[in-house]
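For reference, the chains in residue letters:
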Amino acid sequence: MTNARQDVCNFNPGPAALPDEVLQQAQAELLNWGGCGLSVLEMSHRSKEYEGIQARAEEALRQLLDIPDDYRVLFLQGGASLQFAMVPMNFLPSGGVADYVLTGSWSEKALQDAQRLGQPRVAASTKEGGYRTIPSWRDLQPAPGSAYVHITSNNTIEGTQWQDLAHGLTVPVVADMSSDIASRPFRVADYHLIYAGAQKNIGPSGVTVVLVRESWLQQAEEIANQRNLPTMLRYAIHAKNKSLYNTPPTFAVYLVGLVAEWSLRQGGLSAMAERNRAKANLIYEAIDQSHGFYQGVAEPSCRSLMNITFRLADAELEAKFLQEAKTRGLIGLGGHRSVGGMRASLYNAVPYEACVRLREFMDDFRHRFS
Ligand code: PMP
């Protein structure tokens, strides 16, 4: 079966939909970027052209996320998964304590790597209830002398999201924002470090964006020295070298720039949040008005606007749903392999019209099978 791009609605969890406009721009510039006669794919990362491309990507991200001047923007590799290790390597002194908030499988993975490097403590966990909820900031009591508190702002697999990112804690807070960065306004300055694999809301896979408070990097350097960390694992080295210590993922960085510029043209984070809420409402309504035909996984007050998770009565019906959805061009709706069920990922680049098509399909499927 062949599909035209406009026939397909992409609900993949990541790598995920990218805006048509961005892909068209990349296509138009692919063979000859800016009249220099080379593709971005072929440029030296030490060239003036690439330097300009990276600076432009950083500038667009700074504008979009309103990043304060005393924060560094790093473009790293190894995915968000490498950040699970780099954060404790650089910020958790040997024998030191840090606080981890467990809200899903990705936070568990972050904790596991920290356990290899120090004594992280579980400051709160919603595992017992099947990760259907998010704890309240008020209930978090960081351990005395805690190096940082680590949270996962959006739980991609479970479909829950911190509704409020303002925390009021005095300990440094680190956030894995892989699956909801740039989807709504928040204050970067509330976090000492933010990391995000780009492949959901801000670009393709292959680059991880890290925002880090400049003054905290000194501490990272001291801890890295204590631990005798290899060069590539040190934030301070990447910061000093402007993410050009080694060859960066040049094309991915270029695309992050184009996506950030596109997001600004859409009206920035407030406009994104409004669109994302309208998109998610369409699908949550289909769930809530289905008299239990569709069962939402997340507790309603903790629902994610990015990843909507739901179940049907049994595995057979779920398989039928996925298969029919696919024949209608609605793809990527299967839940994570560890939990099954359904998941609709509605990142920034998923158009409202795609959500309307999914809603229509959900209503139609329910009428036929309930
Ligand atoms: N954290 C979160 C919240 C994620 O959703 C993911 C990927 N789905 C990861 C971490 C891991 O990211 P990566 O594959 O880039 O290592």
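The rules behind the values
Residues numbered from 1 in each chain as written. Predicted model: local features only at pLDDT ≥ 70, side-chain atom pairs only at ≥ 80, totals over all residues. Heavy atoms only, no water. Domains from an automatic or database assignment. Contact = heavy atoms within 4.5 Å. Buried area = accessible area lost by both parts, 1.4 Å probe. Salt bridge = Lys/Arg side-chain N within 4 Å of Asp/Glu carboxyl O. Nonpolar A, V, L, I, M, F, W, Y, C, P; charged D, E, K, R; others polar. Helix = DSSP H or I, 4+ residues; strand = E, 2+ residues; numbered from the N terminus. Buried < 20%, exposed > 50% of the residue type's maximum accessible area, 1.4 Å probe, protein only. Phe/Tyr/Trp six-rings, centres within 6.5 Å; stacked < 30°, edge-to-face > 60°. Lys NZ or Arg CZ within 6 Å of the ring centre and 35° of its normal. Near = heavy atom within 4 Å. Polar contact = N/O pair within 3.5 Å; in protein donor to acceptor, adjacent residues only side chain to side chain. Areas by Shrake-Rupley, 256 points an atom, 1.4 Å probe, with all protein chains shown as cover. 1 Å grid on protein atoms, 1.4 Å probe; cavity = no way out; pocket = protein on both sides within 12 Å on 5 of 7 lines; lining within 4 Å. Sits in = over half its atoms within 2 Å of the grid points. Axes fitted to C-alpha atoms, helices over the stretch in contact; angles between N-to-C directions. Parallel < 35°, antiparallel > 145°, perpendicular 65-115°, else oblique. Left-handed = near helix turned anticlockwise from the far one by under 90°. Core = buried A, V, L, I, M, F, W, Y, C linked by side-chain atoms within 4.5 Å. Points joined across faces, edges and corners; volume = space filled by probe spheres on them. Pairing = 2+ DSSP bridges.

A. Geometry of the domain arrangement of the chain. Partitioning the chain into domains gives domain 1 (23-265) and domain 2 (268-369). Of note, the centres of domain 1 and domain 2, computed from C-alpha atoms alone, are 27 Å apart. Contact with domain 1, which involves 24 residues of that partner, is made by 26 residues of domain 2. In this assembly, domain 1 packs against domain 2 so that about 2100 Å² is buried in total across both faces, 54% of it on carbon and sulfur atoms. The largest share of the area that domain 1 buries against domain 2 comes from Arg-132, Ile-157 and Trp-262, three residues that together contribute 26% of it. Taken together, the connections running from domain 1 to domain 2 amount to zero salt bridges. When its residues are assigned to classes, the side of domain 1 that touches domain 2 shows eight nonpolar, 11 polar and five charged.

B. Structural view of the pattern of salt bridges. As enumerated under the stated definition, the model contains 20 salt bridges in all. The partner of Lys-48 in a salt bridge is Glu-51, with the nearest N and O atoms 3.7 Å apart. Here Lys-48 pairs with Glu-51, and both are found in helix 2 (residues 48-65), just three residues apart, close to one helical turn. The class for Glu-51 is partly exposed, based on a relative accessible area of 39%. Note that Arg-368 and Asp-364 form a salt bridge whose closest N and O atoms lie 3.2 Å from each other.

C. Representation of the packing of aromatic side chains in the model. The full count for this structure, using the stated rule, is 17 aromatic pairs. Here the aromatic rings of Phe-293 and Phe-365 are separated by 6.2 Å at their centres, their planes lie at 55°, and the arrangement is tilted. Linking Phe-293 in the loop between helix 8 (268-288) and strand 11 (295-296) with Phe-365 in helix 10 (residues 352-369), this pair joins segments that are 72 residues apart in sequence. Across the pair, Phe-365 and Phe-293 agree in class, each one buried. In this arrangement the basic side chain of Lys-109 is found over the ring face of Trp-106, its NZ or CZ atom lying 4.9 Å from the centre.

D. Local environment of the site of the ligand. Lining the immediate surroundings of the ligand are 13 residues, of which Ser-81, Thr-156, Asp-176, Gln-199 and Lys-200 lie closest. Ala-80 is positioned with one of its backbone polar atoms (N or O) 3.1 Å from an oxygen atom of the ligand. In this structure, Lys-200 approaches the ligand through a side-chain N or O atom, which is 2.9 Å from a nitrogen atom. The protein chains hide 85% of the 390 Å² of surface that the ligand would expose on its own. Comparing atom positions with the cavity grids shows the ligand to sit within the second largest pocket. Looking at the shell around the ligand, its residues break down into three nonpolar, eight polar and two charged.

E. Fine view of the packing of helix 3 (residues 79-91) against helix 4 (residues 105-115). Relative orientation of the contacting elements helix 3 and helix 4 amounts to 40°, with a least axis distance of 8 Å. Relative to helix 4, helix 3 is oriented oblique. When you trace helix 3 past helix 4, the crossing you get is right-handed. Contacts from Ser-81, Phe-84, Ala-85 and Pro-88 of helix 3 reach helix 4 at Trp-106, Lys-109, Ala-110, Asp-113 and Ala-114.

F. Focus on the packing of helix 8 against helix 10. Two numbers describe how helix 8 lies on helix 10: the axes approach to 9 Å, and their chain directions differ by 5°. When the axis of helix 8 is compared with that of helix 10, the two are roughly parallel. Residues Ala-278, Lys-279, Leu-282, Ile-283, Glu-285, Ala-286 and Ile-287 of helix 8 form the contact with helix 10, whose own contacting residues are Tyr-352, Cys-355, Val-356, Leu-358, Arg-359, Met-362 and Asp-363. When grouped by side-chain class, the residues that make up the contact of helix 8 with helix 10 number 10 nonpolar, no polar and four charged.

G. Structural view of the nonpolar core. Within the largest apolar cluster, 56 residues are counted, with the highest numbers of intra-cluster contacts made by Leu-61, Leu-65, Phe-75, Ile-151 and Tyr-191. Counting contributing residues per domain, this core is built from domain 1 (23-265) and domain 2 (268-369), each supplying no fewer than three. Ignoring sequence-local partners within four residues, the contact set of Tyr-191 consists of Tyr-71, Trp-137, Ile-151, Leu-165, His-167, Val-173, Val-174, Ala-175 and Met-177.

H. Region of the structure containing empty space enclosed by the protein. Within this structure, the stated rule accounts for two cavities of 30 Å³ or more. The space that makes up the largest cavity amounts to roughly 60 Å³. What lines the largest cavity is simply Trp-33, Ile-53, Arg-56, Ala-57, Tyr-254, Gly-257, Leu-258 and Glu-261. Among the elements of the structure, helix 2 and helix 7 (250-265) are those that each provide at least two residues to the lining of the largest cavity. With four residues, helix 7 is the largest single contributor of residues to the lining of the largest cavity. Roughly 40 Å³ of volume is contained in the second largest cavity. Every residue along the wall of the second largest cavity is listed here: Ala-17, Leu-18, Pro-19, Lys-200, Asn-201, Ile-202, Gly-203, Val-259, Trp-262, Asn-348 and Ala-349.

I. The sheet that holds strand 11, seen in detail. Read from one edge to the other, the open sheet built from three strands follows the order 11-12-14, with strand pairing classed as antiparallel. Either end of the sheet is taken by a strand with one partner, and the two such strands are strand 11 and strand 14 (342-345). Direction of pairing for strand 11 relative to strand 12 (residues 307-311): antiparallel, over a ladder of two bridges. Bridge pairing in strand 12 places Gly-296 opposite Phe-310. Against the sheet, helix 8 engages strand 11 and strand 12, with an angle of about 10° to strand 12.

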